[in-house]
Amino acid sequence: MSRFKQLEIPLKPADYKSDIEPTWCPGCGDFTVVRALTQAFSELRLPPENIVQVSGIGCSSRAPLFMRTYGAHTLHGRAIPFAIGVKLANPELTVICDVGDGDLFSIGAGHNPHVARRNVDITVICMDNQVYGLTKNQVSPTSREGLYGSLTPYGTVDKPLNPIATMLAYGATFVAQTYSGNPKHMTEIFKQAIMHKGFAFVNVISPCPTFNKVDTFKYYREKVEDINKDPEAVCELIECPTKDINERGHDPTDYKMALELAFHDLDHYYDPEAPVPIGIFYKSEEPSYEEKVEAVKKRYNAVENPSPEFIQSLIDVCIPKEV
Amino acid sequence: MASLEVAKEVKKPKPLSTNSAVAYAVKDLDVDVVSAYPITPQTTVVEKIADFIANGELDAEMIHVESEHSALSAAIGAAATGARTFTATASQGLALMHEILHIASGMRMPIVMSVAMRALSAPISIWNDHSDVMNARDAGWIIYFVSSAQEAYDTIIQAFKLAEDPDILLPVMVAYDGYVMSHTIEPVITEDRDEVLKFAPKRPFPYRLDPDNPVTMGPIADPNWFYEIKYQQVMAMERALEKAREIDEEFRKTFGRGYGIYECFMCDDAEALIVAKTSYAATLKTILPKMWEKGYKVGLLRLRLYRPFPVEDFKNILDKVDAVLVIDRAISYGAPLQGPLAMEFSSLIVKEDLKLNLTSVVAGIGQRRMIDSDFENLVKLAWESRTKKYDRTIFYGVRL
């Protein structure tokens, strides 16, 4: 935690909430994200003035408005590049992207591989409601096959994209999933994601009660299982007898098993018995992008504020010597 | 007068928003491929088309893509095979399409796109102004501004006929006001599909992708050729002016409704003119008769075909008045006149050596409210401008 400035006297979660009343529909899963985030900020003792929340476009992207931190409501799909700019300009800041599944996996999907492989030290929170809510009910990249939307009156024929597996494949160093029906779990995941040095991705299953009548709280309540606590949940998804599963469940440092679990993340769309895994899939300590840039600077003896004499010495090297 | 007889036939109008009217036109034109990404306030156009396809009323492929950049790219791919292709967007969507706009016109793809015009971010505004289309005006597309849901329906039909004409082969944009038109309901007469297809039959794109005659589209053109290919677009755009006029005339003869490529309302004996488009023009048509009774002899020049710009027509109209007031709903920041349309009229006046005062007015940015009294003020301003010169753009309705 020493990477972050911390308050001596912690603020209450309510102190991180703004005066703006959320405009989300009653029962929206995104309310829990604000609740869990403000709780995490409070428990991590983060100074509000050091937090920047960047969002794109969509219902989810309104989240920064409802919290008393710095915020930037940018363009559809462009929260990540904006956030990278903020982080590189001032690495002291805690930078969080509040985005949705449309933002992150359709129009802005091109940014994901690069932010992940570069391990930029930001946290991306995807409020995944499996539908475009703000434009009123079109299927999204994470919608299950057959879901009805206003552009697909007979159900979509597209296969859903797997957020966890794609982010793991792109090289994200922290990948987790949580659920809006479990604020305690969400708070814990958010805390770990924010503390993680490097790129952290959290997929939040955040049901849309207005437009998505299939992927509801009721549906998920019975199905979510914590892979980091329950070895049985892990064994329901993957073949266990050949694997070494410890008693606390999935070990997040095991990349291979993380991938294997991720490939089964969407099994529940096709198999009514399959659980929905929540928890930390993968976590790896690797140098962040900022650290790697610093290392290059050090290797070549970069000087932050070169003196005029130093600059002159560089020019002098190029002046032809008299023969 | 065959056209009048057609007009006399009683057709029952449907209550449609402009978005729905556009969708009905797409259905009646038997469009083959539609690609789209949802964006407010355009979304209900493609939703309605999706309904038509799902109900079996239109046999078309609907591609629900992952961004507007992809929407227009998919439309180009479809059009390249010779399919009749349509897409729709607004605001940021049109901005995200920008590089593809040039590719569509450079490849001479006869795509038709409707735009429910909306302001551009930042700050975020989902409301109406004309910033999106005015930012796309130099992309080589034919551009229409329409003033009613009926005109939108009729113009989409005309647009396909114009785009697919072998002498033209240019993409066409049909633009109208987001919300103010896209989401308000008007009576619209829709035509029999057979009649529509007789008027605008599908014409095979002469240079389509065809396995029997393989071609490559859009490869690199070195400095020896690029210029000539671009000049062909210049020529096609010039030809489109008279072609658009002919098509509208033919439409009037066939269906009993026509608009011309522009509209001059109460222009006879007018001493000053207001240039307006879309819903503002429609509102001014209700204001002007009352203002004439009060002695303000101000006419309305309603812009309908914007690209190509009807230079000769406008020259003759402007020649008869002492003043013109141009209403812009977009801002060209830092330009000599900050109203982009006003700048075009200004250059027309200089080029044709006309003697009249031009007043540039920017209004309704981000759908700032404009009610009857505001339009009355603008009519008065146009009247005053006969004898008073305003050198700078007037930002009407802004709080200072």
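Residues numbered from 1 in each chain as written. Chains lettered and ligands numbered in written order. Predicted model: local features only at pLDDT ≥ 70, side-chain atom pairs only at ≥ 80, totals over all residues. Heavy atoms only, no water.

Let us look at the pairing of strand β6 (residues 142-145) of chain B. Each regular strand shows side chains that alternate between the opposite faces of the sheet. Residue and element names in this part refer to chain B. Neither face of β6 is left uncovered, since the one carrying Ile-142 and Tyr-144 and the one carrying Ile-143 and Phe-145 both have all their residues buried. Note that β6 and strand β7 (residues 172-177) share four bridges and pair parallel. Each bridged residue has a counterpart across the sheet, and for Ile-142 the counterpart in β7 is Val-172. The handedness of the β6 to β7 crossover, carried by helix α8 (residues 149-163), is right-handed. The sheet contact formed by β6 and strand β12 (residues 305-307) spans two bridges and is antiparallel. By the bridge assignment for β12, Ile-143 is matched with Arg-307. (Buried < 20%, exposed > 50% of the residue type's maximum accessible area, 1.4 Å probe, protein only. Helix = DSSP H or I, 4+ residues; strand = E, 2+ residues; numbered from the N terminus. Pairing = 2+ DSSP bridges. Right-handed = clockwise from strand over helix to strand, strands pointing away.)

Residues and elements named next belong to chain B. Domains assigned within chain B are domain 1 (14-255) and domain 2 (262-395). Domain 1 puts 34 residues into the contact, and the matching count from domain 2 is 27 residues. In total, domain 1 and domain 2 occlude about 2300 Å² of area from one another, counting both sides; carbon and sulfur atoms represent 54% of this. Here domain 1 and domain 2 share six salt bridges between them. Residues Arg-304 and Asp-248 are paired through a salt bridge, measuring 3.4 Å at the closest nitrogen-oxygen approach. For the pair domain 1 and domain 2, the interface holds 20 residue pairs in polar contact (both at pLDDT 80 or more). For the side of domain 1 that touches domain 2, the element with the highest residue contribution is helix α10 (residues 226-255), accounting for six residues. Residues of the side of domain 1 that touches domain 2, tallied by class, amount to 19 nonpolar, eight polar and seven charged. (Domains from an automatic or database assignment. Contact = heavy atoms within 4.5 Å. Buried area = accessible area lost by both parts, 1.4 Å probe. Salt bridge = Lys/Arg side-chain N within 4 Å of Asp/Glu carboxyl O. Polar contact = N/O pair within 3.5 Å; in protein donor to acceptor, adjacent residues only side chain to side chain. Nonpolar A, V, L, I, M, F, W, Y, C, P; charged D, E, K, R; others polar.)

This next bit is on the sheet that holds strand β2 (residues 33-36) of chain B. Residue and element names in this part refer to chain B. Spatially, seven strands are ordered β3-β2-β4-β5-β7-β6-β12 in an open sheet, and the strand pairing comes out mixed. Looking at strand neighbours, the two that pair on one side only are β3 (61-64) and β12, the edges of this open sheet. Mean inter-strand twist for the sheet, computed between neighbouring axes without regard to direction, equals 20°. The strands touched by helix α2 (residues 18-28) are β2, β4 (85-89), β5 (112-117) and β7; relative to β7, the strand with the most contacts, the crossing angle is about 155°. (Axes fitted to C-alpha atoms, helices over the stretch in contact; angles between N-to-C directions.)

It is worth spelling out the confidence of the model for chain B at this point. Here chain B averages 96 in pLDDT, while 98% of its residues score no lower than 70. At the level of chain-chain contacts, confidence expressed as ipTM amounts to 0.89, with global pTM at 0.93. (pLDDT = per-residue confidence, 0-100.)

What follows covers the packing of aromatic side chains. Enumeration over the complete set of coordinates arrives at 23 aromatic pairs over all chains. On the numbers, 4.9 Å between centres and 85° between planes, the contact of A:Trp24 with A:Phe66 is edge-to-face. Note that A:Trp24 is positioned in the segment before α1 (30-43) and A:Phe66 in the loop between β1 (51-55) and β2 (70-73), a separation of 42 residues in sequence. Every member of this aromatic cluster is reached through a ring pair, and the members are B:Phe145, B:Tyr262, B:Tyr306, B:Phe309, B:Phe314 and B:Phe345. The ring of B:Phe52 has B:Lys27 sitting right over it, with the charged end atom 5.3 Å from the ring centre. For B:Lys161, the ring lying beneath its charged end belongs to B:Phe199, and the centroid distance is 4.9 Å. (Phe/Tyr/Trp six-rings, centres within 6.5 Å; stacked < 30°, edge-to-face > 60°. Lys NZ or Arg CZ within 6 Å of the ring centre and 35° of its normal.)

Quick look at the nonpolar core now. Residue and element names in this part refer to chain B. Core analysis: the largest hydrophobic core is formed by 55 residues, its most contacted members being Phe-86, Ile-142, Ile-156 and Ile-157. The dominant element in this core, judged by the number of residues it contributes, is α8, at nine residues. When residues no more than four places from it in sequence are discounted, the contact partners of Ile-156 are Val-22, Ala-25, Leu-29, Phe-86, Val-112, Ser-114 and Val-174. Counting residues in hydrophobic clusters, the runner-up holds 54 residues, among them Ala-75, Leu-101, Phe-145 and Leu-348. (Core = buried A, V, L, I, M, F, W, Y, C linked by side-chain atoms within 4.5 Å.)

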